[in-house]
Amino acid sequence: MNNQFEKSKVGCYDFFAMPFHCDFNNSLRIDYLGNDMLNAADLHSDARGFGMNYLNSIGKTWVLSRLAIEVLEMPKSYERLQVETWVESAMRYFTKRNFAVRDSAGRYFAYGRSVWAMINTDDRQPADLFTVRDGLLKEYVEADKPCPIEGCSRAKIDDNAELWRTVEMRYSDIDINGHVNSVKYIEHVINLWSIDWYRSHCLKRLDVAYIAESHEGDTLSFYVGKQSDDAFAIKICNGETEVCRCKVIF
């Protein structure tokens, strides 16, 4: 392996629960926690030679396919947190990456699992990740580090799901790839419930399956199916096209 990229397989990055990222209950919001996880993933991959900076220079990019976050307790405002991240496995077109969020004393806040695909930026088609730097990513797979939550799942939703909200995508919803930011879907999903709901319910688990891209000007429709008193499946559509599916457990 090229000595320029020899680093530990597990990365650990410091973040801060800024008060403006916390909710009325003084707890970090799950969309900002998800953002910290994705930022950690970017820092980890970039430092090891297969991040967005390098990929964009060769006409490729990472896209998030699945994300699951399971919360033990949320950091409070001003608390410092560390996000550990590592690659659990790598296949030709997909890679699995895990997360653990804790404080410096070893108290764990949350865990995460994710699935990523590499695509070509010109035609948005899958790219073989083993062709990048002669398969460098395989050198950083850490299969032995446990992640104690279930893997990512795609929520089942029946035809009786009800339309709860429509939202037009605007400037702040769009990321550097020109489509709706992965975390913005989470933000719009958690807004489906009122503050009164959150006064008596804590979000424990979130699963997101990203299916198709959406862009500025698209109007997304959020269809919600109730699976139990504390579990809901959400289908997000752009017209007739399903672009994202979520499951939330309170």
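All chains use their own residue numbering, which begins from 1 and follows the written sequence. With pLDDT at 70 or above as the cut-off, local features in this predicted model cover only qualifying residues; side-chain atom pairs require 80 or more to be listed or tallied, and sums for whole chains, interfaces and linings still use all residues. In computing side-chain values, all of the structure's heavy atoms are included and hydrogens and water are not.

A few words now on the packing of aromatic side chains. Stacked, tilted and edge-to-face are the three classes applied to pairs of Phe, Tyr and Trp rings, where Trp contributes its six-membered ring and a pair requires centres within 6.5 Å; stacked means planes under 30 degrees apart, edge-to-face means over 60, and tilted covers the rest. Evaluated as defined, the whole model comprises 12 aromatic pairs. Each ring, one from W193 and one from F250, has its centre 5.2 Å from the other, and the planes form 70°; the classification is edge-to-face. Separated by 57 residues along the polypeptide, W193 in the loop between α3 (182-190) and α4 (195-200) and F250 in the segment after β10 (241-249) bring together distant segments of the chain. Only Lys NZ and Arg CZ are tested; either one counts as a charge over a ring when it is within 6 Å of the ring centre and within 35 degrees of the ring normal. When the ring centre of Y140 is taken as reference, the NZ or CZ atom of R48 above it lies at 5.9 Å. The residue whose ring lies beneath K235 is Y223, and the NZ or CZ to ring-centre distance is 5.7 Å. Each helix is a run of H or I in the DSSP string that is no shorter than four residues. Each strand is a run of E no shorter than two, and both are numbered from the N terminus.

In this section: the layout of surface pockets. Method remark: on a 1 Å grid restricted to protein atoms, a set of points is classed as a cavity if a 1.4 Å probe fits but cannot get out and as a pocket if it is open with protein on both sides within 12 Å along at least five of seven lines; lining residues have an atom within 4 Å of a point. Grid points are joined across faces, edges and corners, and a volume is the space filled by probe spheres set on the points. In this model, the largest pocket occupies a volume close to 860 Å³. W62, V63, L64, W116 and S182 are the residues nearest the centre of the largest pocket, which is lined by 39 residues in total. Secondary structure elements with two or more residues in the lining of the largest pocket: α1 (30-47), β2 (60-71), β4 (94-102), β5 (108-120) and α3. The element that contributes the greatest number of residues to the lining of the largest pocket is α1, accounting for 6 residues. Here the nonpolar group is Ala, Val, Leu, Ile, Met, Phe, Trp, Tyr, Cys and Pro; Asp, Glu, Lys and Arg are the charged ones; every other residue, Gly included, is treated as polar. Counted by class, the lining of the largest pocket contains 24 nonpolar, 10 polar and 5 charged residues. Here the second largest pocket defines a volume of roughly 600 Å³. When residues of the lining of the second largest pocket are assigned to their parent elements, the largest contribution, 4 residues, is made by α4. Tallied by class, the residues present in the lining of the second largest pocket amount to 12 nonpolar, 6 polar and 6 charged.

Further remarks concern unusual backbone geometry. The backbone phi angle of R133 is positive, close to 50°, even though this residue is not glycine. Relative to the helices and strands, R133 resides in the loop between β5 and β6 (162-168). Type-normalised accessible area, obtained with a 1.4 Å probe on protein chains alone, sets the label of each residue: buried when under 20%, exposed when over 50%, and partly exposed for intermediate values. Take R133: its relative accessible area is 31%, and that puts it in the partly exposed class. Of note, D134 is a non-glycine position whose phi angle comes to about 55°, a positive value. By the secondary structure assignment, D134 is in the loop between β5 and β6.

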